[in-house]
2 protein chains.
Amino acid sequence: MKFGGTSVADLDRIRHVATLVAGEVKRGHQVAVVVSAMAGETNKLVAWTNDAANPPGGNGHGVANAREYDVVVAAGEQVTAGLLAVTLNAMGVPARSWLGWQIPMKTSSVHGAARIEGVDAAAMKKSMAAGEVAVVAGFQGVADGERISTLGRGGSDTSAVAVAAGLGAERCDIYTDVDGVYTTDPRIVPKARRLPMIAFEEMLEMASLGAKVLQTRSVEIAMLHRVPVRVLSTFTPEAGGTLLCDEEKIVEKKPVTGIAYSRDEAKITLHKIPDRPGIASAIFGPLAEAGVNVDMIVQNVSEDGTTDLTFTVTRGELKRALGAIQTHADTIRFRDITHDAAVAKVSIIGIGMRAHPGVAQTMFKTLSDKGINIQVISTSEIKVSVLIEEEYVELAVRALHTAYELDAA
Amino acid sequence: MKFGGTSVADLDRIRHVATLVAGEVKRGHQVAVVVSAMAGETNKLVAWTNDAANPPGGNGHGVANAREYDVVVAAGEQVTAGLLAVTLNAMGVPARSWLGWQIPMKTSSVHGAARIEGVDAAAMKKSMAAGEVAVVAGFQGVADGERISTLGRGGSDTSAVAVAAGLGAERCDIYTDVDGVYTTDPRIVPKARRLPMIAFEEMLEMASLGAKVLQTRSVEIAMLHRVPVRVLSTFTPEAGGTLLCDEEKIVEKKPVTGIAYSRDEAKITLHKIPDRPGIASAIFGPLAEAGVNVDMIVQNVSEDGTTDLTFTVTRGELKRALGAIQTHADTIRFRDITHDAAVAKVSIIGIGMRAHPGVAQTMFKTLSDKGINIQVISTSEIKVSVLIEEEYVELAVRALHTAYELDAA
C-alpha cells in the first residue's frame with residue numbers, strides 16, 4: 001500500500017491510513033506500506049535548503065550540496081513513517097518503520113534524483129513474517145552503502161513498486177487523491193471515464209505524455225517486474241480504482257484507451273540551415289552536452305539546399321537550449337532562430353492501435369475540423385502525439401475524446 | 001563545537017553558526033560541530049508522536065512506541081545537520097553531515113533515553129583529515145546496529161562531549177545562550193559572577209543539583225575522558241566562557257565555588273514506623289521497583305520503638321511514590337503518611353570544602369539568621385544540600401551567595 005502526501009497530511013489522516021492498513025491485516029494479508037512526507041513538508045524542507053545555499057547579498061543562484069539536500073529532505077518521509085508506525089502500534093497492530101538505509105533500498109549516487117538499483121527485502125520479509133507491518137519511508141534510499149539519497153519528486157510511487165517487486169508482493173495498491181486512471185483529465189473533460197484496467201505499456205505512455213496519476217519510473221519498474229499495480233482513492237477506496245496489468249488480460253481493446261496532454265512544451269525552429277550530412281549532430285550534440293532533453297523533431301523538405309528544423313523541449317529548458325544553439329551558431333550556420341512557448345502536446349494512446357489502422361487519420365481529421373493546426377507530429381506503436389497552439393488544448397482533448405468514443409454515457 | 005536549539009533556530013542563526021565554524025577552520029583547526037534541532041522542532045515532533053499514540057476517544061494516556069518515537073524525533077537534528085552542511089558548503093567550507101547510524105554513535109537500546117556506549121570515530125576522522133568539517137546530528141545514536149535511538153532531552157551536550165572524546169579532540173566548545181557557568185543563577189542573584197574555570201567534579205554536582213547549563217551525563221563523560229569543555233555564548237563568544245578542567249589546574253580554591261537550587265522536589269514522611277532491621281528495604285524496595293528515584297533521606301531518633309522517616313523525590317514521581325508506598329502499607333506498617341511538594345533544595349558546591357572545615361556550619365548559621373528552617377540535610381565531600389520551604393529559595397540563595405563571598409564587586 002502506498003499513500004501520498006495529501007493522504008498523510010495530518011494526524012487524523014494518518015489515523016485513517018492506519019485504519020485502511022489494519023483492514024488489510026485483518027483480511028489476513030502481510031502488509032508493507034510506503035508513505036510520502038506530510039503535504040507541504042517537502043516544500044518547506046526544500047525551501048530551507050535553498051535558503052541555506054543562498055546567503056543574503058548573493059546572486060540567489062546557489063544550489064544546495066546535493067548529498068546534504070538529501071539528508072534534509074529525507075527527514076520528511078522519516079517523520080511520517082515513524083508516526084504511522086506509532087499509530088498502528090497504538091491500535092494494537094504491530095508495525096515497524098524502515099528507512100532507506102535500513103531496508104536497504106540501494107540507489108545510484110545521483111543525489112536528488114537517484115535511481116533505484118535494488119531492494120534487498122530479506123530483513124523486511126523476516127519482520128513481516130513475524131507479524132509486523134513494514135512502514136517504509138518512500139522517496140529515499142541509500143547510496144554507496146552509507147549516504148542518504150532521494151529519488152526526486154514523486155519518487156514514493158517508485159519506492160512502493162520497487163518494494164512490492166522486492167517482496168514479490170501479490171499487488172501494489174497506490175492510494176491517491178483520485179479514484180483511478182481516467183480516459184483523460186476529468187477537469188477538462190467531465191465525460192472522462194475511469195478505466196477499470198490499463199496495460200502497463202499504455203500507462204507508461206500516459207505517464208510520460210503528461211498524465212499525472214503515476215510517476216513514469218514507477219510504471220517502468222512495475223512493467224519490468226510484472227507487479228500488478230492498483231490506483232485507488234484514499235478517501236473512497238471502495239470505488240475500485242484502476243488495475244495496471246499485462247495487456248493480455250485486457251479483453252476489449254478499443255483503438256484508443258486514453259488521451260494525455262502536456263503544457264510543459266516549448267518549440268524552437270532553426271530557419272534556413274544547410275541541408276547537409278552531419279547537420280543533426282551539429283545541432284543536437286551541443287544540446288545533449290547542455291543536458292537538454294529534446295522531444296519531438298521535424299525537418300522540412302529541402303529547398304535550394306537549405307531546410308528548416310523544428311524541435312521541442314520542456315519550458316524549463318528553453319533558455320538553456322537557446323543558449324547552447326547560440327554558442328554553436330558558427331558550426332550550425334542557421335539564418336534565423338525562433339521559439340514559441342505557447343504550445344502544448346496532445347497524445348492519443350492505446351494498444352488497440354496495433355490492430356486498427358487509420359487511427360492517426362481520425363486524429364488529424366478531428367483536429368482539422370475544429371480548425372486546429374498541427375505543428376509537429378510524433379508517433380510510436382501505441383501512441384500519436386501532436387504539437388498545437390496551447391490555447392486549443394482543451395478543445396482538442398474534448399474533440400478527440402468524443403471522436404474515439406471515450407465519452408461516458 | 002556544539003550549538004543548541006536556540007543557536008540554530010532559523011536560517012540566519014545557522015549562517016551565524018557557520019561563520020563561527022568557518023572562523024575555527026581558518027585558524028587551522030579540524031572541526032566537528034554537533035547540532036540540536038531547530039528550537040521548537042523537537043517539541044512539535046514529540047507532540048505529534050503523542051497525538052499518534054492517543055486516538056480520539058481514548059483515555060489520553062497512550063505512550064508512543066519508543067523505537068518509533070525515536071525515528072520521528074531524530075528527524076529534527078537530521079534537518080539541522082543537513083542545513084548547516086549545506087550552508088558551510090555554500091560558503092566554500094567543505095562539510096558533510098553525520099547521523100547517529102553513520103558515525104556510528106553506538107547506544108544502549110533504551111529508546112528515548114539511550115546511553116552512549118561508544119563512538120567509533122574512525123570514518124569521521126578520515127573525512128576530517130581530508131578537510132571536511134564533520135557536522136554531527138546531536139541527541140541521536142544507533143541501537144543494536146540498526147535502529148535509531150535518542151538520548152533523551154538535552155542529549156546534544158552529551159553527544160558533543162562523546163564525539164570530542166572519540167576524536168581525541170583538544171577541546172569541546174559548548175555554545176549556548178548564556179556566556180558561561182555562574183556562581184549561581186543570575187536571574188535570582190544579579191551579583192552572580194561568571195566562573196572562568198570550574199573543576200569537573202564541581203560541575204557534575206552543579207548540574208545534578210539543578211544548574212541547567214550542561215546536562216549531567218555530558219559532564220560525566222567529560223570527566224571520565226578528561227575532555228576540556230568550554231561553555232560559551234553563541235552570540236558573544238568573545239566573552240570567554242567557562243572552562244571545565246581538572247581541579248589541579250584551579251589555583252585559587254575558595255571553600256564554595258557555586259550555589260545550585262532545584263524546585264523539582266517533593267517530600268514524603270512516614271510517621272511512626274516500627275524501628276526494626278529491614279524497614280528501609282521494605283520502604284525503598286517497592287519504590288525502586290516502581291522506578292522512583294529517591295534523593296535525600298532522613299530518619300529521626302527512635303522513640304518508643306517507632307520512628308519517622310522522610311525522603312525526597314522529584315515532583316513528577318510523587319504520585320507514583322505514594323502509590324507504591326500505599327500498595328505495600330501492610331508490610332511497612334506506618335501510622336500515617338504525609339507529603340509536601342512546596343519544598344526546594346539549595347546546595348553549596350566547592351572542591352575547597354575538603355580543605356576548609358566549618359563550611360557547612362556557615363550555611364546552617366546563615367539560613368538560621370534569616371529564619372529559614374532546614375528540613376533535611378545531605379552532604380558529600382564537595383557539597384552540602386538542604387531542603388527548605390520553597391518560598392524561601394531566592395532568599396536562601398542570595399544570603400548564601402553573600403556569606404560565601406561570591407558576590408561580584
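Residues numbered from 1 in each chain as written. Chains lettered and ligands numbered in written order. Predicted model: local features only at pLDDT ≥ 70, side-chain atom pairs only at ≥ 80, totals over all residues.

Caption draft 1: Highlighting the overall build of chain A. Along its length, chain A carries 13 helices and 18 strands. A globule of 409 residues ought to have a C-alpha radius of gyration of about 22 Å, and chain A, at 23 Å, matches this closely. The C-alpha extent of chain A, read off along each of the three principal axes, is 80 × 60 × 35 Å. Burial analysis of chain A (409 residues in total) assigns 49% to the buried set. If you take every contact in chain A between residues at least 6 apart in sequence, the share linking residues at least 24 apart comes to 74%. (Helix = DSSP H or I, 4+ residues; strand = E, 2+ residues; numbered from the N terminus. Rg over C-alpha atoms; globule rule 2.2 N^0.38 Å. Buried ≥ 20, exposed ≤ 12 C-beta atoms within 10 Å, placed from the backbone. Contact = placed C-beta atoms within 7 Å.)

Caption draft 2: The packing of helix H7 (residues 200–208) of chain A against helix H8 (residues 216–225) of chain A, seen in detail. Residue and element names in this part refer to chain A. Where H7 contacts H8, the two axes come as close as 9 Å, and the packing angle between them is 165°. Relative to H8, the element H7 lies roughly antiparallel. In this structure, H7 crosses over H8, and the sense of that crossing is left-handed. Residues Phe 200, Met 203, Leu 204, Ala 207 and Ser 208 of H7 pack against Thr 216, Val 219, Glu 220, Ala 222 and Met 223 of H8. For the contact of H7 with H8, a count of residues per class yields seven nonpolar, two polar and one charged. (Axes fitted to C-alpha atoms, helices over the stretch in contact; angles between N-to-C directions. Parallel < 35°, antiparallel > 145°, perpendicular 65-115°, else oblique. Left-handed = near helix turned anticlockwise from the far one by under 90°. Nonpolar A, V, L, I, M, F, W, Y, C, P; charged D, E, K, R; others polar.)

Caption draft 3: Main features of the relation of the copies chain B and chain A. Its rotation angle being 180°, the transformation that places chain B on chain A also includes 0.0 Å of axial translation and leaves an RMSD of 0.1 Å. With respect to symmetry, the two chain copies, as superposed, fit the operation of a two-fold axis. Distance from the rotation axis, computed per C-alpha, reaches its smallest value in chain B at Ala 75 of chain B: 2.6 Å. (Least-squares fit on C-alpha atoms with pLDDT ≥ 70 in both.)

Caption draft 4: Here's a closer look at the sheet that holds strand S8 (residues 147–150) of chain A. Residues and elements named next belong to chain A. Spatially, S5-S4-S7-S8 is the arrangement adopted by the four strands of the open sheet, whose pairing is mixed. Here the strands that pair on one side only, and so sit at the sheet edges, are strand S5 (116–119) and S8. Across the sheet, the mean angle separating the axes of adjacent strands is 45° when strand polarity is ignored. In this sheet, S5 lies alongside strand S4 (residues 105–107) in antiparallel orientation, the contact comprising three bridges. The partner of Thr 107 across the bridge, within S5, is Ile 116. (Pairing = 2+ DSSP bridges.)

Caption draft 5: How the structure looks around the interface of chain B and chain A. Listed as interface residues are 34 residues of chain B and, on the opposing side, 34 residues of chain A. The set of elements that each furnish at least two residues to the side of chain B that touches chain A consists of helix H1 (11–26), helix H2 (41–53), helix H3 (66–73), helix H4 (75–90) and strand S3 (95–98) of chain B. The element contributing the most residues to the side of chain B that touches chain A is H4 of chain B, with eleven residues. Its residues assigned to classes, the side of chain B that touches chain A shows 19 nonpolar, nine polar and six charged.

Caption draft 6: Representation of the environment of Ile 382 of chain B in the model. Residues and elements named next belong to chain B. With respect to the helices, strands and loops of the structure, Ile 382 is situated in the loop between strand S17 (376–380) and strand S18 (383–389). It is 8.7 Å that separates the C-alpha atoms of Ile 382 and Val 256, two residues lying 126 residues apart in sequence. Ile 382 has contacts with Glu 201, Glu 202, Glu 205, Ile 349, Gly 350, Ile 351, Met 353 and Arg 354, leaving out every residue within four places of it along the chain.

Everything listed here is a matter of geometry and, on its own, says nothing about what the molecule does.
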